[in-house]
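What follows is the residue order along each chain.
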Amino acid sequence: MTNDENVKNINETNEDVNQETSADAVDAKETESTDMPNLDPHESADVLKLNNWLEELADKSSVKSQVFCYKTILVNQGKPSMWGMRLHFPGTFEASQIETDAMDANGNMNFKKLMQNCIRAGVIIAPKITDLEKFANTHEGFGEAVTQVLNFLNDGTNGKLR
C-alpha cells in the first residue's frame, strides 16, 4: 500500500467521525441561543431582537421558588453537644434585608442582630428561641450556627436552594 492509499483510508475512516450528529446539532443550537447576540444597541430592530432574546433567556433560566425551601442544619454534628435548627427561606428581598440590617457601620456582620432578625422574620422555625442570649450561652457552636444560617440565606438569595 502506498502512502497516498494510507492517507485515503485514514480520511475515509475519519469522515464518519467528523460528521455532525443530530444530538450535536441540538447542542450547538442550544449553545447558540444562550450566546449573547452581536447587535447594535442603537438600531431599533436590533434592540427589539436583544429584548426578545433576554425575555427567552429569562424564561429558560427560572428556578423553583426559593420561598418554599426549608433546611435542617446540625451544629457540632457527631458530638454529644450536637443540636440543630429548622430554617425556612423568607424570600430574596427579605433575606437581603435581614443581612443588611445585621451589618454595622463598617460592613461587618453582627451575629446577634442576624440571628435576632432571623427569629423575628420566621427563618428559624425550630427550636423556638425566646431568649437568644441565653440560648447562645447554653449551646456550643453558636458561631457555626450563624455561619450556616448566613449560608442558607445567601444560597436562597442566589436561587441555589433545592
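Heads up: the structure comes first, above all this text.
Residues numbered from 1 in each chain as written. Predicted model: local features only at pLDDT ≥ 70, side-chain atom pairs only at ≥ 80, totals over all residues. Heavy atoms only, no water.

## Points about helix H5 (residues 111–121)
For H5, the complete set of buried residues consists of Leu114, Met115, Asn117 and Cys118. Down the axis, H5 shows its buried residues gathered within 160° of arc, on one side only. For H5, the elements touching its buried residues are strand S2 (83–88), helix H4 (92–101), strand S3 (124–126), helix H6 (132–138) and helix H7 (142–157). Near the N-terminus of H5, the side chain that reaches the backbone nitrogen of Lys112, with its oxygen 3.0 Å away, is that of Asn110. Two residues or fewer after H5 comes Gly122, characterised by a positive phi angle close to 80°. (Buried < 20%, exposed > 50% of the residue type's maximum accessible area, 1.4 Å probe, protein only. Helix = DSSP H or I, 4+ residues; strand = E, 2+ residues; numbered from the N terminus. Arc of directions from axis to C-beta. Contact = heavy atoms within 4.5 Å. Polar contact = N/O pair within 3.5 Å; in protein donor to acceptor, adjacent residues only side chain to side chain.)

## Examining the sheet that holds S2
Strand order in the open sheet made by the three strands is S1-S2-S3, with antiparallel pairing throughout. Bordering the open sheet on either side are strand S1 (70–75) and S3, each of which pairs with just one other strand. The average angle at which neighbouring strand axes cross in this sheet is 35°, direction not considered. Here S1 pairs with S2 via six bridges, running antiparallel. Within S2, the residue paired with Val75 across the bridge is Trp83. Each of S1 and S2 is contacted by H7, which is oriented at about 160° to S1, the strand it contacts most. (Pairing = 2+ DSSP bridges. Axes fitted to C-alpha atoms, helices over the stretch in contact; angles between N-to-C directions.)

## Brief notes about the packing of aromatic side chains
Tallying each qualifying case throughout the model produces two aromatic pairs. On the numbers, 5.2 Å between centres and 80° between planes, the contact of Trp83 with Phe135 is edge-to-face. Pair noted here: Trp83 is in strand S2 and Phe135 is in helix H6, with a separation of 52 residues, a long-range link. For the pair shown, Trp83 and Phe135 are each scored as buried. (Phe/Tyr/Trp six-rings, centres within 6.5 Å; stacked < 30°, edge-to-face > 60°.)

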